[in-house]
Amino acid sequence: MYSKYQLTKKYLHYLLYASNGKGHGIHSPFVFDFVTKVLNDKKNYRCYKEIETLRSSLLKDETVLKIEDFGAGSRVNATNERKISAVAKSALKPKKFGRLLYRMVQHYQPKTILELGTCFGITTSYLSNGNAGAQVSTMEGAAQIAAVAKKDFEKLSLKNIELIEGNFDETLPEFIQQFQAKNKTIDFAFIDGNHRYEPTVRYFHSLLEIINENSILIFDDIHWSEEMENAWKEIIAHEAITLSIDLFFIGIVFFRKEFKAKQDFEIKFL
């Protein structure tokens, strides 16, 4: 992973050269709609307070968990025993990104949603609230973290979530086979686990088997390391991708055939 200094330097470069975050100068009608109606939607939706209250309780929870880490590891913790508060502080996506995921789901109304990397279920809860009628499947490798997430879903009375436990290398292929057997596709996926080049690219190619023209894939921490930057570059270069949006901390890709020319955007999200 990049050092804090390296990441700060890259972020400043992004701020300097990314497109205006208000939509000025963006000529794509689809992207302009995304920026003005989703990215910059400042409404304070009811679920925001409920989910962030839950986050606050996790940040104060001193319960110690034994954690299996199948990914690139934590920035902060090297031990397998971690307090819930420490994991929440280092691993949970900041609220502005959880809220963005909520607004994206609310705006595009995907019916099938997949998340790789449940953690304590904060982003899952935002995804679930975005469309209560959607089928939300979320995968978590660490059993004790998954147990906390299940309790969190109960606290928020979320009924449309299926939590799948186990290593993604085993659970994702099985999930894809089940979807293919039912002729189903994934409309929306958030990939937030195993932040390394090879697994990230592999997850992308696996998900290509069950996407449709309107599917949206979101990759977390695309500038987290040189490996992740290389994975992001390879993903957006794929012929199936017709539009990519780089928000620095996350990257979004679309497959819509309505775009006649491939488009890649860097957009400020402050």
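The present account deals with the structure reproduced in this document. (Residues numbered from 1 in each chain as written. Predicted model: local features only at pLDDT ≥ 70, side-chain atom pairs only at ≥ 80, totals over all residues. Heavy atoms only, no water.)

Turning our eyes to something else, we now look at the packing of aromatic side chains. Here the distance between the centres and the angle between the planes together describe a pair of aromatic rings. Enumeration according to the criterion identifies 18 aromatic pairs in this entry. Their ring planes at 80° and their centres at 5.7 Å tell us that Tyr-48 and Tyr-102 sit as a pair that is edge-to-face. Taken as a pair, Tyr-48 in helix α3 (residues 46–59) and Tyr-102 in helix α5 (residues 95–108) lie far apart in primary sequence, 54 residues in all. The same class applies to Tyr-48 as to Tyr-102, namely buried. On the basis of an interplanar angle of 70° and a centroid distance of 6.0 Å, the ring pair of Tyr-48 and Tyr-126 is categorised as edge-to-face. Taken together, the residues Tyr-48 in helix α3 and Tyr-126 in helix α6 (residues 122–130) connect sequence positions 78 residues apart. Like Tyr-126, Tyr-48 is buried. By the ring-pair criterion, three or more aromatic residues cluster together here, those being Tyr-11, Tyr-14, Phe-97, Phe-248, Phe-249 and Phe-269. Here the guanidinium or amino end of Lys-96 rests over the ring plane of Phe-269, the centre of that ring lying 4.7 Å away. (Phe/Tyr/Trp six-rings, centres within 6.5 Å; stacked < 30°, edge-to-face > 60°. Helix = DSSP H or I, 4+ residues; strand = E, 2+ residues; numbered from the N terminus. Buried < 20%, exposed > 50% of the residue type's maximum accessible area, 1.4 Å probe, protein only. Lys NZ or Arg CZ within 6 Å of the ring centre and 35° of its normal.)

Restricting attention to buried positions, one finds in helix α10 (residues 226–236) the residues Met-228, Glu-229, Ala-231, Trp-232, Ile-235 and Ile-236. Looking straight down α10, one finds its buried side chains confined to an arc of 160°; they lie on one side. Away from its buried face, by an angle of more than 90 degrees, α10 presents the exposed residues Glu-226 and Lys-233. Looking at the buried residues of α10, the elements they touch are α1 (4–17), α9 (197–207), β7 (211–220), β8 (243–246), β9 (250–254) and β10 (263–266). (Arc of directions from axis to C-beta. Contact = heavy atoms within 4.5 Å.)

A few words now on the nonpolar core. Core analysis: the largest hydrophobic core is formed by 62 residues, its most contacted members being Met-104, Phe-120, Ile-245 and Ile-252. Residue contributions to this core peak at 7 residues, all from α5. (Core = buried A, V, L, I, M, F, W, Y, C linked by side-chain atoms within 4.5 Å.)

Time to look at the layout of surface pockets. Put simply, the second largest pocket is a space of about 160 Å³. Contributing to the lining of the second largest pocket are Leu-39, Asp-41, Lys-42, Lys-43, Asn-44, Tyr-48, Lys-95, Lys-96, Arg-99, Arg-103, Phe-269 and Leu-270. For the lining of the second largest pocket, the element with the most residues is α5, which contributes 4 residues. Its residues assigned to classes, the lining of the second largest pocket shows 4 nonpolar, 1 polar and 7 charged. (1 Å grid on protein atoms, 1.4 Å probe; cavity = no way out; pocket = protein on both sides within 12 Å on 5 of 7 lines; lining within 4 Å. Points joined across faces, edges and corners; volume = space filled by probe spheres on them. Nonpolar A, V, L, I, M, F, W, Y, C, P; charged D, E, K, R; others polar.)

It is worth spelling out the environment of Tyr-126 at this point. Given a relative accessible area of 0%, Tyr-126 falls into the buried group. Sequence separation between Tyr-126 and Leu-101 is 25 residues; the distance between their C-alpha atoms is 6.6 Å. Setting aside residues up to four positions removed in sequence, Tyr-126 forms contacts with Tyr-48, Ile-51, Glu-52, Lys-95, Gly-98, Arg-99 and Tyr-102.

This structure, assessed with the given rule, holds 0 disulfides. Distance from the sulfur of Cys-47, which forms no disulfide, to the nearest cysteine sulfur (Cys-119) is 18 Å. (Disulfide = S-S within 2.5 Å.)

The next thing to look at is the sheet that holds β10. Pairing within the open sheet is mixed, and its 8 strands lie in the order β5-β4-β3-β6-β7-β9-β8-β10. Two strands lie at the open edges of the sheet, namely β5 (161–165) and β10, each paired on one side alone. Across the sheet, the axes of successive neighbouring strands diverge by a mean angle of 15°, strand direction being ignored. Where strand β3 (residues 112–116) and strand β6 (residues 186–191) come together, 4 bridges link them in parallel fashion. Along β6, the bridge assignment pairs Leu-116 with Ile-191. (Pairing = 2+ DSSP bridges. Axes fitted to C-alpha atoms, helices over the stretch in contact; angles between N-to-C directions.)

Within the sequence span of α9, burial applies to Pro-199, Thr-200, Val-201, Tyr-203, Phe-204, Ser-206 and Leu-207. Residues of α9 that are buried sit in contact with β3, α8 (168–181), β6, β7 and α10.

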